[in-house]
Amino acid sequence: MIGTGKTRTAAAVAAVSLLALSATACSKSPTGSTSTNTSSGSSSAPAITLSGSVTFNQDNLAKLDAALKSALAGKDLSGVNIAMVVNVAADYWKAGQVGFLKGCSDLGLASSKCTYFAPPNGKLTEQNSELETLRSQGVTGYSISAIDPTSAAGTIHTDVSHGISVLAIDSPLPGTDAASLYLGTPNYTAGMQAGTAMKQVLGGNGKVAVLVGSLTASNATQRIQGFEDALKGTNITVVQKVNDNLSASTATSDAETILANNPDVNGLYGVYSYDGPALAQAVSSAGKSSSVHIVCDDSDAQTLSFIQSGVISGTVVQMPYQQGYTGAYLLAAQKVLGKDAVMQLVKPYLESDGSTLSSGVGLVTRSDLSDYKSLESQLGIS
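To keep things clear, this report deals only with the structure shown in the data block.

1. Quick notes on helix α12 (residues 339-346)
Turning to step 1, where the next piece is worked out: Buried within α12 are the following residues: Val 342, Met 343 and Val 346. The arc that holds the buried residues of α12, viewed along the axis, is 100 degrees, so those residues lie on one side. More than 90 degrees from the buried face of α12, the exposed residues found are Asp 340 and Gln 344.
Turning to step 2, where the next piece is worked out: Residues of α12 that are buried sit in contact with α2 (58-72), α11 (320-337) and β13 (356-358).

2. Remarks on the pattern of salt bridges
Oppositely charged side chains can form a pair if their charged atoms are brought close together.
Turning to step 1, where the next piece is worked out: Under the defined criterion, the tally for this structure stands at 8 salt bridges.
Turning to step 2, where the next piece is worked out: The partner of Asp 59 in a salt bridge is Lys 63, with the nearest N and O atoms 3.8 Å apart. Here Asp 59 pairs with Lys 63, and both are found in helix α2, just 4 residues apart, close to one helical turn.
Turning to step 3, where the next piece is worked out: For the salt bridge of Asp 91 with Lys 94, the shortest nitrogen-to-oxygen distance reads 3.1 Å.
Turning to step 4, where the next piece is worked out: For Asp 91, a relative accessible area of 34% corresponds to the partly exposed category.

3. Regarding the nonpolar core
Turning to step 1, where the next piece is worked out: Among the nonpolar cores identified, the biggest contains 67 residues, and Ile 82, Phe 100, Leu 268, Leu 330 and Leu 357 are the most heavily contacted of them.
Turning to step 2, where the next piece is worked out: Considering each element in turn, this core owes the most residues, 8 residues, to α11.
Turning to step 3, where the next piece is worked out: When residues no more than four places from it in sequence are discounted, the contact partners of Leu 330 are Leu 68, Leu 167, Leu 181, Leu 183, Val 342, Val 346 and Leu 357.
Turning to step 4, where the next piece is worked out: Listed in part, the 27 residues of the second largest apolar core include Ile 147, Val 201, Tyr 272 and Leu 363.

About the cut-offs
- Residues numbered from 1 in each chain as written.
- Predicted model: local features only at pLDDT ≥ 70, side-chain atom pairs only at ≥ 80, totals over all residues.
- Heavy atoms only, no water.
- Buried < 20%, exposed > 50% of the residue type's maximum accessible area, 1.4 Å probe, protein only.
- Helix = DSSP H or I, 4+ residues; strand = E, 2+ residues; numbered from the N terminus.
- Arc of directions from axis to C-beta.
- Contact = heavy atoms within 4.5 Å.
- Salt bridge = Lys/Arg side-chain N within 4 Å of Asp/Glu carboxyl O.
- Core = buried A, V, L, I, M, F, W, Y, C linked by side-chain atoms within 4.5 Å.

Here's what the structure looks like:
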């Protein structure tokens, strides 16, 4: 971690570069366009190649970051002690960690006042234990991707009542004291994007299984609903929804079982970040990479490798970097300026639901993979 008082120049340059990349990608490959693949494929699946888009919400978030930094100018930030607490130690969150530490650095916060934590095994007990540690260390605010939103409600209520700011990231926290602001992907929209991609790659016909790390978390339920809604009016049926309990090995095993017992399944949707590679391994082992199409979420390194090889058709991506970066700004500002003042600055950038601050949604396919990797490189994500 670094705690220098660097300016925001590097982040601004990265945001501008990202916008330029996004515009280029969109101009040459509009989201959802399809083209005929000249390679031979299985008779059970149409030979279709997707084209994606790496457009995110960087423009608006860069403006908000600038507004927050301007409001904090000249203020005493010595009392700020913030944390980013995610739901599992996965490659997906490395970008969020980079963004969080960069945000802390640009705000001039000491590294000892900025804590990043990812539960090694994705266990609720691990997440709860870290929250207890943070309280004992005088944390003033934390962003959280809650493993179990229902059980988190009581903890969040206690923390907020004691003056600790809590920011929902990755998955909204409805019905809790952190329901008023969610920084992350509009999950229903992301699910719709995945469903649209699946519809196109299957040519509107087939049977699909969904694998996910939770069947109750808001991000999961909203994505699955969006996915299913996108398939309405087609001849595609979702035949199974399987909870792999945040385990990649379980996801692979479940997918192997599904493919063995359901030879007519020709599509798999992996909702959590590790699901894409897990499903790709199962499909490859079964020798069905030409007949079973995978659409997944997030951009783990393995996922991108499987996209390059053609085993995964496309992945819906968000911007965890910005969940970390803008999250740091929001938490610092809430401590120094107060929640009401911060919400006034945030309000112009919220979605129509009045609580979602979108980090954007994109679709990465083989055709725009190089653009996406260039974007990650510019943001310092390796």
